[in-house]
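Letter by letter, the chains look like this.
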There are 2 protein chains.
Amino acid sequence: VRGAVCVVTGGLGFIGSNLALRLAAAGAAVRVIDSLVPTHGGDVRNLGAVDVESLIARISDPRCAEVVEGADVIFNVAGQVSHTASMIDPRLDLELNTVDHAAFLETVRRVSPSSRIVHVSTRQVYGRVPHLPANENTVANPVDVNGVAKLAGEQLHMVYARAHSMATTSLRLSNVYGARQRLTSDELGFLPVFMRNVLADETIEIFGDGSQRRDCLHVDDVVDAMLLATDDEAVGKIYNVGHRCSQSLAEIAEMMVAISGSKSEIRFVPWPGEHQRIDIGSFKTDSSKIEAELGWVPTIDLAEGIRRTVTFYRDHPWYQSSI
Amino acid sequence: VRGAVCVVTGGLGFIGSNLALRLAAAGAAVRVIDSLVPTHGGDVRNLGAVDVESLIARISDPRCAEVVEGADVIFNVAGQVSHTASMIDPRLDLELNTVDHAAFLETVRRVSPSSRIVHVSTRQVYGRVPHLPANENTVANPVDVNGVAKLAGEQLHMVYARAHSMATTSLRLSNVYGARQRLTSDELGFLPVFMRNVLADETIEIFGDGSQRRDCLHVDDVVDAMLLATDDEAVGKIYNVGHRCSQSLAEIAEMMVAISGSKSEIRFVPWPGEHQRIDIGSFKTDSSKIEAELGWVPTIDLAEGIRRTVTFYRDHPWYQSSI
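Rules and cut-offs
- Residues numbered from 1 in each chain as written.
- Chains lettered and ligands numbered in written order.
- Predicted model: local features only at pLDDT ≥ 70, side-chain atom pairs only at ≥ 80, totals over all residues.
- Heavy atoms only, no water.
- Helix = DSSP H or I, 4+ residues; strand = E, 2+ residues; numbered from the N terminus.
- Rg over C-alpha atoms; globule rule 2.2 N^0.38 Å.
- Buried < 20%, exposed > 50% of the residue type's maximum accessible area, 1.4 Å probe, protein only.
- Areas by Shrake-Rupley, 256 points an atom, 1.4 Å probe, with all protein chains shown as cover.
- Lys, Arg positive; Asp, Glu negative; His and termini not counted.
- Charge placed at Lys NZ, Arg CZ, Asp CG, Glu CD.
- Expected span 1.5 Å × (residues − 1).
- Least-squares fit on C-alpha atoms with pLDDT ≥ 70 in both.
- Phe/Tyr/Trp six-rings, centres within 6.5 Å; stacked < 30°, edge-to-face > 60°.
- Pairing = 2+ DSSP bridges.
- Right-handed = clockwise from strand over helix to strand, strands pointing away.
- Contact = heavy atoms within 4.5 Å.
- Axes fitted to C-alpha atoms, helices over the stretch in contact; angles between N-to-C directions.
- Disulfide = S-S within 2.5 Å.
- Parallel < 35°, antiparallel > 145°, perpendicular 65-115°, else oblique.
- Left-handed = near helix turned anticlockwise from the far one by under 90°.
- Nonpolar A, V, L, I, M, F, W, Y, C, P; charged D, E, K, R; others polar.

### A few points about the overall build of chain A
Here comes step 1: On a plain count of helices and strands, chain A comes out with eleven helices and 13 strands.
Here comes step 2: Relative to a compact globule of 323 residues, whose C-alpha radius of gyration would be 20 Å, chain A shows 19 Å and is just as compact.
Here comes step 3: Considered along the principal axes of its C-alpha atoms, chain A spans approximately 55 × 45 × 40 Å.
Here comes step 4: Expressed as a percentage of its 323 residues, the buried residues of chain A come to 61%.
Here comes step 5: For chain A, the exposed area adds up to about 12100 Å²; of that, 50% sits on carbon and sulfur atoms.
Here comes step 6: Side-chain charges in chain A split into 30 positive and 40 negative, and the spacing between the mean points of these groups amounts to 1 Å.

### Some details on helix α5 (residues 145-164) of chain A
Residues and elements named next belong to chain A.
Here comes step 1: Taking 1.5 Å of rise per residue, the 20 residues of α5 would be expected to cover 28 Å, and the 28 Å separating its terminal C-alpha atoms lies within 8% of that figure.
Here comes step 2: Of all 20 residues in α5, 19 are buried, a share of seventy percent or more.
Here comes step 3: Where α5 ends, the next residue or the one after it, Ser165, has phi of about 55 degrees, a positive value.

### A few points about the relation of the copies chain A and chain B
Here comes step 1: You can overlay chain A on chain B at an RMSD of 0.0 Å; the transform is a turn of 180 degrees with a shift of 0.0 Å along its axis. Accordingly, the operation relating the two chain copies is best matched by a two-fold axis. Of the C-alpha atoms belonging to chain A, the one lying closest to the rotation axis is found on A:Val139, 2.5 Å away.

### Focus: the packing of aromatic side chains
Residue and element names in this part refer to chain A.
Here comes step 1: Summed over all chains, the structure comprises 14 aromatic pairs over all chains.
Here comes step 2: Plain terms: the ring middles of Phe207 and Trp271 are 5.6 Å apart, the flat faces sit at 45 degrees to each other, and that makes the pair tilted. Residue Phe207 is found in strand β8 (residues 204-207), and its partner Trp271 is found in the loop between β13 (266-269) and α9 (273-276); the two are separated by 64 residues along the sequence.
Here comes step 3: Residue classification places Phe207 among the partly exposed positions, given a relative accessible area of 25%.
Here comes step 4: Taking the relative accessible area as the measure of exposure, Trp271 reaches 23% and is therefore partly exposed.

### Quick notes on the pairing of strand β1 (residues 5-9) of chain A
Consecutive residues of a regular strand have side chains that alternate between opposite faces of the sheet.
All names here are of chain A.
Here comes step 1: Burial analysis of β1 places five of its five residues in the buried class, the great majority of the element.
Here comes step 2: The alternating pattern of β1 places Val5, Val7 and Thr9 on one face and Cys6 and Val8 on the opposite face, and all of these are buried.
Here comes step 3: Both β1 and strand β2 (residues 29-34) contribute to a ladder of five bridges, which runs parallel. Of the residues in β2, the one forming a bridge with Val8 is Val32.
Here comes step 4: The β-α-β motif built from β1, the intervening helix α1 (residues 14-25) and the parallel element β2 has right-handed crossover chirality.
Here comes step 5: Note: β1 against strand β4 (residues 73-76), four bridges, orientation parallel. Along β4, the bridge assignment pairs Thr9 with Asn76.

### Looking at the environment of A:Leu105
Residues and elements named next belong to chain A.
Here comes step 1: Secondary-structure assignment places Leu105 in helix α4 (residues 90-111).
Here comes step 2: By relative accessible area, which is 0% here, Leu105 ends up buried.
Here comes step 3: Leu105 sits 45 residues away from Ser60 along the chain, and the two C-alpha atoms are 9.0 Å apart.
Here comes step 4: Leu105 has contacts with Ile117, Leu156, His157, Tyr160 and Met166, leaving out every residue within four places of it along the chain.

### Looking at the sheet that holds strand β1 (residues 5-9) of chain B
Residues and elements named next belong to chain B.
Here comes step 1: Taken in spatial order, the seven strands line up as β3-β2-β1-β4-β5-β6-β11 in an open sheet, and their pairing is parallel. Both edges of this open sheet fall to β3 (53-56) and β11 (237-241), since each of them pairs with a single strand only. Mean inter-strand twist for the sheet, computed between neighbouring axes without regard to direction, equals 20 degrees.
Here comes step 2: On the sheet, helix α1 (residues 14-25) packs against β1, β2 (29-34), β4 (73-76) and β6 (167-173) and is oriented at approximately 165 degrees with respect to β1.
Here comes step 3: The sheet strands contacting helix α4 (residues 90-111) are β1, β2, β4 and β5 (116-122), and the helix crosses β4 at an angle near 175 degrees.

### Regarding the side chain of A:Thr9
Here comes step 1: The topology assignment puts A:Thr9 in strand β1.
Here comes step 2: Each residue touching A:Thr9, except ones within four places of it in the same chain, is listed here: A:Ile33, A:Ile59, A:Phe75, A:Asn76, A:Val77, A:Ala78 and A:Phe104.

### Topic: the state of the cysteines
All names here are of chain A.
Here comes step 1: By the definition in use, this model includes zero disulfides over all chains.
Here comes step 2: No disulfide involves Cys216; its nearest neighbouring cysteine sulfur is the one of Cys245, lying 11 Å away.
Here comes step 3: With relative accessibility at 3%, the residue Cys216 sits in the buried group.

### Here's the deal with the packing of helix α8 (residues 249-260) of chain A against helix α11 (residues 302-315) of chain A
Residue and element names in this part refer to chain A.
Here comes step 1: Look at α8 against α11: their axes get within 10 Å of each other, and the N-to-C directions meet at 55 degrees. Compared by their axis directions, α8 and α11 come out oblique. For the crossing formed where α8 meets α11, the hand is right-handed. Packed against α8, whose contacting residues are Ile252, Met255, Met256, Ile259 and Ser260, the element α11 presents Leu302, Ala303, Ile306, Arg307, Val310 and Arg314 at the interface.

### A closer look at the packing of α4(B) against helix α5 (residues 145-164) of chain B
All names here are of chain B.
Here comes step 1: At a closest axis distance of 8 Å, the pairing of α4 and α5 adopts a crossing angle of 15 degrees. By the angle between their directions, the pair α4 and α5 is classed as roughly parallel. Classified by chirality, the crossing of α5 by α4 is right-handed. Residue-level inspection shows Pro90, Asp93, Leu94, Asn97, Thr98, His101, Ala102, Leu105, Glu106 and Arg109 of α4 in contact with α5, the latter providing Val145, Asn146, Ala149, Lys150, Ala152, Gly153, Leu156, His157, Tyr160 and His164.
Here comes step 2: A breakdown of the residues in the contact of α4 with α5 according to their chemical character gives nine nonpolar, seven polar and four charged.

And the structure:
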């Protein structure tokens, strides 16, 4: 990585900023592109005083050409995360997660076709599947527009690998948590909401009985996976990236309360309709392919991850305020 | 069907016009929406003098609300077909096959959420798959933007079935031929090109050795499938629709020449790069699900279908001129 030119789209957001900081610390020349959509996770403060070139623009913006030209590696992290937002404005989610990526791939093909590209997708593309754990040969059956749009986005990357000989990889991440996640939004998954609640000693509300299971990934493990995904072995492939251990939402909330020493209570509340309609029940990712082919394994268990995350936010209190 | 209000999007095109004429003949009140994109298959002459209301607009147009309001059945056939065009302008294909369908589904949800919806997709969503024949449990691996966009379009219909309780079905059609297909475009598949060639005694050019196999469907069989797909059993489901018999491209060309009595010669030419990059090799659809659940079977074999098609175009010579 030392001396390599690395572009990170969505580089001011949660996963993107953690990656950009790791790359910069390792001696890469880092350039970020981020559109700072207000409801998304991007914030210029995520990169602090680190020396990184930034373009504030959507990845469909023609000015991205100058940023990607000559890049050794492009980490294409930009996208909309919210499942409920995708159901309220389907067009916008399709624009951000699919159409913009087509435009971005065309830009890269034109100005920097030999750049290595690692795209970030989500286990949300699977939706409800007949058997768990889901591996890469499980038929995707997305339950919301976000899952449809993200699946199309990763498939576009695979089309460009085959049709245009570009070196693309896509990673389907499970639920990610850790430092630099926007805690003040309800739209970025349950993990930042729970974390906000425990830090403020607020009641944690769990929809339904809290029995649905998730395999949560610490963002540092995700950054490891993204760096390993630049291997030649990964070109033209899609990988699941999830933790070997899963917990129920109730267990996750209990762990957060206990580890943080929070006074939060946990309350089980009825499902809001807009969430229940797109709920996928329990989910478990089979990540044996990336483990076998790229040697990635998650190294941070949930207890340790929660410990680190709580410490980070107590050291950086601005993440808990909504401005 | 008699007395039912039926909307056909793409209703001035190849499949849409054949369906609209069948519906009108059966006594339905037919309304069509078609954007008449110049390079697509739409032509007002396809419906001739039949009494049908038409809106010339994209399906994302707000005026579609008036057309779909009160519809018993909406046959959502509109879309872009060309694989090569999708690679030249990915954004446009995603707009026409995905984003516009999201807008259309939102319109229907708002003004006519209980309408039955049958969406037309394509076996192109499968791309290159490890085992043939492909059934609905085969993981889609599209090789071009058109396959990505059509898959996302059908998944949107499934999302609206589950999340919004709308009665949608999507049909993955194999290669369709028959009356009212635009013969003068090279972008609508090999079947209309071969048909144009034999009618004009022109040389048929086959890319490669002509050994790749396809299961060709006569449009009248497709219309049967679309009508059967309005059954309650089909709600929220995707079905393959292909012929039980397949032939190589060389065999198909030979049959067309022999049956039409054409003087055309068949020549094998090297693959153009833009076609070879997105070629899927041989393909075979497994349609046992629609056969078992809806009782559909293709009734027109390729020889009979070619016979009918040649007769139709000889009776309607304007299809062979490019204006």
